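Fold and contact review
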Amino acid sequence: MTVFRIALAAGVLVMAWLTLQAGQQLGLDKAGDFFFGDMAHPWRAQFNMDFSLHLLLVGAWMFWSNANRALSVLFALLAVTGGALFTFSYLLIRCFQTGGNIKAVLLGRHYQEPNLS
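The following refers to the structure shown. (Residues numbered from 1 in each chain as written. Predicted model: local features only at pLDDT ≥ 70, side-chain atom pairs only at ≥ 80, totals over all residues. Heavy atoms only, no water.)

**Thoughts on the overall build of the protein chain**
Scanning the protein chain from terminus to terminus reveals 5 helices and 0 strands. Starting at the N terminus and walking to the C terminus, you meet the elements of the protein chain as α-α-α-α-α. The buried share among the 117 residues of the protein chain stands at 26%. A fraction of 56% describes how many contacts in the protein chain between residues 6 or more apart in sequence connect residues 24 or more apart. (Helix = DSSP H or I, 4+ residues; strand = E, 2+ residues; numbered from the N terminus. Buried < 20%, exposed > 50% of the residue type's maximum accessible area, 1.4 Å probe, protein only. Contact = heavy atoms within 4.5 Å.)

**Things to note about the packing of aromatic side chains**
Under the definition given, this model contains 4 aromatic pairs. Between Trp-61 and Tyr-90 the ring centres are 5.9 Å apart and the planes differ by 90 degrees, which places this aromatic pair in the edge-to-face class. Here Trp-61, found in helix α3 (residues 42-65), pairs with Tyr-90, found in helix α4 (residues 69-97); they are 29 residues apart in sequence, far enough to count as distant. The same class applies to Trp-61 and to Tyr-90, which are both buried. Between Phe-86 and Tyr-90 the ring centres are 6.1 Å apart and the planes differ by 35 degrees, which places this aromatic pair in the tilted class. Within this pair, Phe-86 and its partner Tyr-90 are both found in helix α4, separated by 4 residues, close to a single helical turn. Of note, Arg-5 hangs over the ring of Phe-96, and the distance from its end group to the ring centre comes to 4.1 Å. (Phe/Tyr/Trp six-rings, centres within 6.5 Å; stacked < 30°, edge-to-face > 60°. Lys NZ or Arg CZ within 6 Å of the ring centre and 35° of its normal.)

Shown next as structure tokens:
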């Protein structure tokens, strides 16, 4: 779990730095222009669609797993629009909230403590 947490924290830092660099050089309002503009190139379109489908899947998982429906919608939207920067932060927080129980992290509201009696 420690390696996973370190990888998530490193991912958050890398994505935050890259996001800041892109925002400073091109402006945050240009992100959509580049993402959708690249769809004219076949391999960029393939990569961007693959990435988009991953984001939608992560957003659906966040909606499904979170107990609070209002937060579920917010988290799903943030996952789709914020990508790894939001998702890695979310997972890192959940790892600490659940004491590193990966089943509880992944299943969220669907997780049930094992009955040891």
